[in-house]
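Breakdown of the fold
Residues per chain are reported as follows:
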Amino acid sequence: MAYLFSPSGGGDDVFRIRTYAVVCDGADPLTGTWRVLGEFQSPWDSFNLDSTIFTHKGVRYFVWAQREPGIETNSNLYIAPLKTPLTLAATRSQTLRSSPAVSRVRCTSSSRRLIRPTPP
């Protein structure tokens, strides 16, 4: 199986963007069948996107940008280990808090990434 994470939105609220996972059940992601697995369950129901995933010392981590309620910035970066492709295994950690200086750079990193599960 292979997973792809991508932001998606819709409706009248342009900031109603959430991250979704799609999964390919076939052995080859180019010829296999893809289906929507569901919405990534982030800690808050708010704007989130730009996710990426990596494995370090056998643990799969999820990194994403999200607007945290109570913090008046565009969005911050968070990291947490994954339990499943849609859920976190532990409390998230903030890796970068957006600031006016960071916002002035005006760069984005849309980091959709195809991954394969780490073998057991």
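Read on for a plain summary of the structure. All figures in this text were calculated on a predicted structure; none of them were measured in a lab. (Residues numbered from 1 in each chain as written. Predicted model: local features only at pLDDT ≥ 70, side-chain atom pairs only at ≥ 80, totals over all residues. Heavy atoms only, no water.)

1. Looking at the overall build of the protein
Spelled out, the test is: Comment: elements are numbered from the N terminus, with helices defined as DSSP H or I runs of at least four residues and strands as E runs of at least two. Accessible area is worked out with a 1.4 Å probe on protein chains only. A residue is then buried under 20% of its type maximum, exposed over 50%, and partly exposed in between. Pairs of residues are marked as contacts when any of their non-hydrogen atoms sit within 4.5 Å. Each accessible area is a Shrake-Rupley estimate made with a 1.4 Å probe; only the visible protein chains count as cover when residues are assessed.
Along its length, the protein carries 1 helix and 9 strands. Order of helices (α) and strands (β) in the protein, N terminus to C terminus: β-β-β-β-β-β-β-β-α-β. Split into buried and exposed, the 120 residues of the protein put 34% on the buried side. Within the protein, contacts between residues separated by at least 24 positions form 41% of all contacts whose residues are at least 6 apart in sequence. Of the roughly 7,500 Å² of accessible surface on the protein, 55% is carried by carbon and sulfur atoms.

2. Considerations on the packing of aromatic side chains
Quick note on the threshold: Each pair of aromatic rings taken from Phe, Tyr and Trp, with Trp reduced to its six-membered ring, is defined by centres within 6.5 Å and is described as stacked if the planes are under 30 degrees apart, edge-to-face if over 60, and tilted in the remaining cases.
Enumeration over the complete set of coordinates arrives at 7 aromatic pairs. Centre to centre, the rings of phenylalanine 40 and tryptophan 64 are 5.5 Å apart; their planes meet at 65 degrees, and the pair counts as edge-to-face. Placement of phenylalanine 40 in the loop between β3 (34–39) and β4 (48–56) and of tryptophan 64 in strand β5 (residues 59–66) is noted, with a sequence separation of 24 residues between them. Assigned by exposure class, phenylalanine 40 and tryptophan 64 land together as buried. Ring geometry for phenylalanine 62 versus tryptophan 64: centroids 5.6 Å apart, planes at 35 degrees, classification tilted. Note on accessibility: phenylalanine 62 and tryptophan 64 belong to one class, buried.

3. Focus: the pairing of strand β2 (residues 18–24)
To keep it simple, the criterion reads: When DSSP finds two or more bridges between a pair of strands, those strands are recorded as paired.
Burial analysis of β2 places 5 of its 7 residues in the buried class, which makes it a mostly covered element. Where strand β1 (residues 2–8) lies against β2, 7 bridges are found, and the strand directions are antiparallel. Bridge pairing links serine 8 to arginine 18 in β2.

4. Some words on the pattern of salt bridges
Stated formally: By definition, a salt bridge exists where a carboxyl oxygen of Asp or Glu is found within 4 Å of a side-chain nitrogen of Lys or Arg.
One pass over the full model with this rule turns up 4 salt bridges. Ionic pairing is found between arginine 16 and aspartate 45, a salt bridge with its closest N-O pair at 2.9 Å. You can see arginine 16 sitting in the loop between β1 and β2 and its partner aspartate 45 sitting in the loop between β3 and β4, a full 29 residues away along the chain. Residue classification places arginine 16 among the partly exposed positions, given a relative accessible area of 35%. Aspartate 45 gets classed as exposed once you look at its relative accessible area, which sits at 60%. Here arginine 18 and aspartate 45 are joined by a salt bridge, their closest N and O atoms 3.0 Å apart. Placement of arginine 18 in strand β2 and of aspartate 45 in the loop between β3 and β4 is noted, with a sequence separation of 27 residues between them.

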